[in-house]
Amino acid sequence: MFRANGFIVQDEKYPYDHAGKFSYRGLCSYDLFPLMHINDPVCRKLTDEQFSREVAENEFVIPEFVSDYGLLKRYVMECVKREIGVRILFAESEYSEETYNGDLPVKEFLGYEYCPVPIDCQIITDLDLYEPFWKYHRLLNRSGLFDSYEEVISFAEEYCSEFDKGNIGDGEIDAYIFKVYEIDVKNIL
């Protein structure tokens, strides 16, 4: 069962650098949450709001997704004000630790992706560089994602098998299949 997890803001100036066997515009395609790199009180406050969620008294977690639409809007407005080109993704998955319950602006489905949480480029790098996975490249759409759930399941199963054999990966991961959408910045402002 797919759950709405939330939004991701990516800095379009810093693309993910991979070997380039296919075009990729998924969860790891650009540097995440660009305001965290700016030493300014407004940026620090927005970054603190994004990366610190209280789950119990004096107990905090670091979320992967923005689940507060007001925070998303303020964050994107600050990026626009600072002339930081951003793209906004929306993610749905079986990952149950983060959910978004609000209304959604118009979104465009980009495809399915198998990705770890915390978000990391390990799987997309292995898909790009590990030769036995190159057969999946022909299934990838123009965003470098899978168009069908069946295709991404097939890849995820083979990925897990190769990971268990020690042929890929660089450490334990907790991965999920994501439905990835893109939202035009104009629809947030």
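Residues numbered from 1 in each chain as written. Predicted model: local features only at pLDDT ≥ 70, side-chain atom pairs only at ≥ 80, totals over all residues. Heavy atoms only, no water.

Let us now look at the layout of surface pockets. In this model, the largest pocket occupies a volume close to 150 Å³. Taken together, Arg53, Val55, Val61, Ile62, Pro63, Glu64, Tyr95, Glu97, Glu98, Val117 and Pro118 make up the lining of the largest pocket. Taken together, the residues of the lining of the largest pocket break down into 7 nonpolar, no polar and 4 charged. (1 Å grid on protein atoms, 1.4 Å probe; cavity = no way out; pocket = protein on both sides within 12 Å on 5 of 7 lines; lining within 4 Å. Points joined across faces, edges and corners; volume = space filled by probe spheres on them. Nonpolar A, V, L, I, M, F, W, Y, C, P; charged D, E, K, R; others polar.)

In this section: the pairing of strand 5 (residues 86-93). When a strand is regular, its side chains alternate between the sheet's two faces. Most of strand 5 is tucked away, with 8 of its 8 residues classed as buried. Neither face of strand 5 is left uncovered, since the one carrying Val86, Ile88, Phe90 and Glu92 and the one carrying Arg87, Leu89, Ala91 and Ser93 both have all their residues buried. Taken together, the 8 bridges between strand 1 (residues 3-15) and strand 5 define a ladder with antiparallel strand orientation. In the sheet register, Ile8 faces strand 5, and the bridge partner there is Leu89. (Buried < 20%, exposed > 50% of the residue type's maximum accessible area, 1.4 Å probe, protein only. Helix = DSSP H or I, 4+ residues; strand = E, 2+ residues; numbered from the N terminus. Pairing = 2+ DSSP bridges.)

Mapped onto the elements, Pro41 comes out in helix 1 (residues 41-50). Residue class for Pro41 comes out exposed when judged on its relative accessible area of 57%. In this structure the C-alpha to C-alpha distance between Pro41 and Leu127, which are 86 residues apart in sequence, comes to 39 Å.

Helix packing geometry: the angle between the two helix axes and the distance between the axes. Here helix 3 (residues 122-129) crosses helix 4 (residues 149-164) at 90 degrees, and the two axes come no closer than 12 Å. In terms of their interaxial angle, helix 3 and helix 4 are classed as roughly perpendicular. On helix 4, the residues touching Gln122, Ile123, Asp126 and Leu127 of helix 3 are Phe155, Tyr159 and Phe163. In terms of residue class, the contact of helix 3 with helix 4 is made up of 5 nonpolar, 1 polar and 1 charged. (Axes fitted to C-alpha atoms, helices over the stretch in contact; angles between N-to-C directions. Parallel < 35°, antiparallel > 145°, perpendicular 65-115°, else oblique. Contact = heavy atoms within 4.5 Å.)

The amide bond that connects Val117 to the next residue, Pro118, takes the cis arrangement and shows omega of 5 degrees. Locating Pro118 in the fold gives a position in the loop between strand 6 (108-116) and helix 3. We note that Glu83 has phi near 60 degrees; this positive angle belongs to a residue other than glycine. Locating Glu83 in the fold gives a position in the loop between helix 2 (69-81) and strand 5.

Moving on: the nonpolar core. Counting residues in hydrophobic clusters, the biggest one holds 57 residues, and the most contacted among them are Leu27, Tyr114, Phe155 and Phe178. Elements supplying a minimum of two residues to this core: strand 1, helix 1, helix 2, strand 5, strand 6, helix 3, helix 4 and strand 7 (175-183). With 7 residues, strand 7 is the single largest residue contributor to this core. With sequence-adjacent residues up to four places away left out, Tyr114 is seen in contact with Ile123, Val152, Phe155, Ala156, Tyr159, Cys160, Ala175, Tyr176 and Ile177. (Core = buried A, V, L, I, M, F, W, Y, C linked by side-chain atoms within 4.5 Å.)

Everything listed is a geometric property; what it means functionally is a separate question.
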